[in-house]
Amino acid sequence: MKTLNCYVLLLCWKAICCNSCQLTNITIAVEREECEFCITVNATWCSGYCFTRDPVYKYPPVSTAQQTCTFKEVVYETVKIPGCGDHPEAFYSYPVATECHCDSCDTDTTDCTVRGLGPSYCSFSHNGSNQ
């Protein structure tokens, strides 16, 4: 019985105190207006939950910054988009997360809006696939 109580306590501690912010595989649409063509690429990005709280009583002088699951480090990968030939516009670089953590959203490097167009949005009617 003592062992069971320890496991339950450990599980509750992990659920409350630990973050589940981690790298996740995603598929994004990549396009260039000059080429009028979209392709999809696989990448990794940060996804998950971070411990946060929203106080019942707000005290204006004290800021309550909410944390979000965001990248700690990124690398850039480059893909060639068909239909552009060998022009510089044929190459598109996109960020790929290599490490995640919980932090406040940095509006200088991240779109912190509630809703965006989504990673699979494409302006053009014909798509290609590159994995």
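Residues numbered from 1 in each chain as written. Predicted model: local features only at pLDDT ≥ 70, side-chain atom pairs only at ≥ 80, totals over all residues. Heavy atoms only, no water.

Chemist: Please clarify how the overall build of the protein chain should be interpreted in this entry.
Modeler: Across its full length, the protein chain holds one helix and five strands. Written out in order from the N terminus, the α and β elements of the protein chain read α-β-β-β-β-β. Relative to its 131 residues, the protein chain shows a buried fraction of 21%. The contacts in the protein chain between residues at least 6 apart in sequence include a share of 65% that link residues at least 24 apart. (Helix = DSSP H or I, 4+ residues; strand = E, 2+ residues; numbered from the N terminus. Buried < 20%, exposed > 50% of the residue type's maximum accessible area, 1.4 Å probe, protein only. Contact = heavy atoms within 4.5 Å.)

Chemist: Would you explain the pattern of salt bridges in this entry?
Modeler: Pairing between side chains of opposite charge can happen when their charged atoms approach one another. Enumeration over the complete set of coordinates arrives at one salt bridge. Two residues, E99 and K72, come together in a salt bridge whose shortest N-O distance is 3.9 Å. Pair noted here: E99 is in strand β4 (residues 91-103) and K72 is in strand β3 (residues 68-80), with a separation of 27 residues, a long-range link. We classify E99 as partly exposed; its relative accessible area is 32%. (Salt bridge = Lys/Arg side-chain N within 4 Å of Asp/Glu carboxyl O.)

Chemist: Looking at this structure, how should I read the packing of aromatic side chains?
Modeler: Ring pairs (aromatic) are described by centroid distance and by the angle formed between their planes. By the definition in use, this model includes one aromatic pair. The interplanar angle of 50 degrees and the centroid separation of 5.3 Å between the aromatic rings of W45 and F71 together place this pair among those described as tilted. In this pair, W45 is assigned in strand β2 (residues 37-47) and F71 in strand β3, connecting sequence segments 26 residues apart. Owing to a relative accessible area of 27%, W45 belongs among the partly exposed residues under this scheme. Look at F71 and you get buried, because its relative accessible area is 19%. (Phe/Tyr/Trp six-rings, centres within 6.5 Å; stacked < 30°, edge-to-face > 60°.)

Chemist: I'm lost on the state of the cysteines in this one. Help?
Modeler: Covalent bonding between the sulfur atoms of two cysteines is what defines a disulfide. A full pass over the atoms with the stated rule returns three disulfides. Disulfide pairing is shown between C46 and C100; the S-S distance is 2.1 Å. One disulfide, between C46 and C100, carries an S-S torsion of -90 degrees and so falls in the left-handed class. Of the two residues, C46 is situated in strand β2 and C100 in strand β4; the sequence distance between them amounts to 54 residues. Each sulfur of the disulfide joining C50 and C102 lies 2.1 Å from the other. Between C50 and C102 the sulfur-sulfur dihedral comes to about -85 degrees; the bridge is accordingly left-handed. Here C102 lies in strand β4 and C50 lies in the loop between β2 and β3, a separation of 52 residues in the sequence. Residue C50 shares its accessibility class with C102, and that shared class is buried. (Disulfide = S-S within 2.5 Å.)

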